[in-house]
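# Overview (structure and organization)
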Amino acid sequence: MKRYTLEEANQLLPVLSKEFDSLHNLQREFDLWYESYQQVEPQLNAEEKASWEKRIQFMELEAEMFISNILSHGVWFEDAFSSTLHFPAILNGEKGVFKWHPEEPVITVYESIEEKMDSLHLVN
C-alpha cells in the first residue's frame, strides 16, 4: 500500500478535485434530468421509458467511473455519505491517515493509526 507524505498528498489534490468536480456536475445534471423524467414519465410509452432509463444507467456508469478514478490512487472515502477522503500516510515516521474534503484547498488533518497521538491539525 502506498503511503503518502503530506507533500505528495497535497500534490494529488488538483487531480482529485477535478474528479470531484466532474462527479458533482454529473450529480446536478442527474438531479435535474431525473426531476424532468418524473414529470413526463406518466405520459411515456414503453420505448420512451426505456430510452430515459438507459440515460439513467449511463449516468450511473459515469459516476462509477469518477469514483473509480478517485479510488485508483489508493485513497478511500471516510464513509458512504461523505466526500472526505483518507490518504494512507506517514508523518514523522509514523503511520496514519491524512483527511481531506474537496472544499479544502490543502490537507489539514492527520490521524495516527498507531494511536501515539490524537488528531493533528496541520494548518491553523
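Summary of the structure given here. Just so it is clear, the model here is predicted, and its values are computed rather than measured.

Applying the stated rule across the entire model yields 9 aromatic pairs. Consider the rings of Phe20 and Trp100, whose centres lie 6.0 Å apart with planes at 65 degrees: the pair is edge-to-face. Here Phe20, found in helix α1 (residues 6-40), pairs with Trp100, found in strand β3 (residues 94-100); they are 80 residues apart in sequence, far enough to count as distant. Assigned by exposure class, Phe20 and Trp100 land together as buried. Seen from the ring of Tyr4, Lys2 lies directly overhead, with NZ or CZ sitting 4.8 Å from the centre.

Across the interface, α1 lies against helix α2 (residues 46-71) with an axial gap of 10 Å and an inter-helix angle of 165 degrees. The angle between α1 and α2 falls in the class roughly antiparallel. As α1 runs across α2, the sense of the crossing is left-handed. Split into classes, the residues belonging to the contact of α1 with α2 amount to 16 nonpolar, 3 polar and 6 charged.

Once that is clear, we can look at a nonpolar patch on the surface. A contiguous nonpolar surface patch, about 400 Å² in accessible area, is contributed by Met1, Ile67, Leu71 and Trp76. With respect to the element layout, Ile67 can be found in helix α2. Exposure remark for Ile67: the relative accessible area of 32% places this residue in the partly exposed category.

Below, the discussion takes up the pattern of salt bridges. Tallied over the full model, the rule gives 5 salt bridges. Residues Arg55 and Glu29 are paired through a salt bridge, measuring 2.7 Å at the closest nitrogen-oxygen approach. Here the residue Arg55 occupies a position in helix α2, and Glu29 occupies one in helix α1, the gap between them amounting to 26 residues. Taking relative accessible area as the criterion, Arg55 reaches 26% and is therefore assigned partly exposed. Its relative accessible area of 37% is what places Glu29 among the partly exposed residues. In this structure, Lys99 and Glu78 form a salt bridge, with 3.3 Å as the shortest nitrogen-oxygen distance.

Each value, and the rule that gives it
Residues numbered from 1 in each chain as written. Predicted model: local features only at pLDDT ≥ 70, side-chain atom pairs only at ≥ 80, totals over all residues. Heavy atoms only, no water. Phe/Tyr/Trp six-rings, centres within 6.5 Å; stacked < 30°, edge-to-face > 60°. Helix = DSSP H or I, 4+ residues; strand = E, 2+ residues; numbered from the N terminus. Buried < 20%, exposed > 50% of the residue type's maximum accessible area, 1.4 Å probe, protein only. Lys NZ or Arg CZ within 6 Å of the ring centre and 35° of its normal. Axes fitted to C-alpha atoms, helices over the stretch in contact; angles between N-to-C directions. Parallel < 35°, antiparallel > 145°, perpendicular 65-115°, else oblique. Left-handed = near helix turned anticlockwise from the far one by under 90°. Nonpolar A, V, L, I, M, F, W, Y, C, P; charged D, E, K, R; others polar. Patch = residues over 30% accessible without salt bridge, like charges linked within 9 Å, V, L, I, M, F, W, Y side chains within 5 Å. Areas by Shrake-Rupley, 256 points an atom, 1.4 Å probe, with all protein chains shown as cover. Salt bridge = Lys/Arg side-chain N within 4 Å of Asp/Glu carboxyl O.

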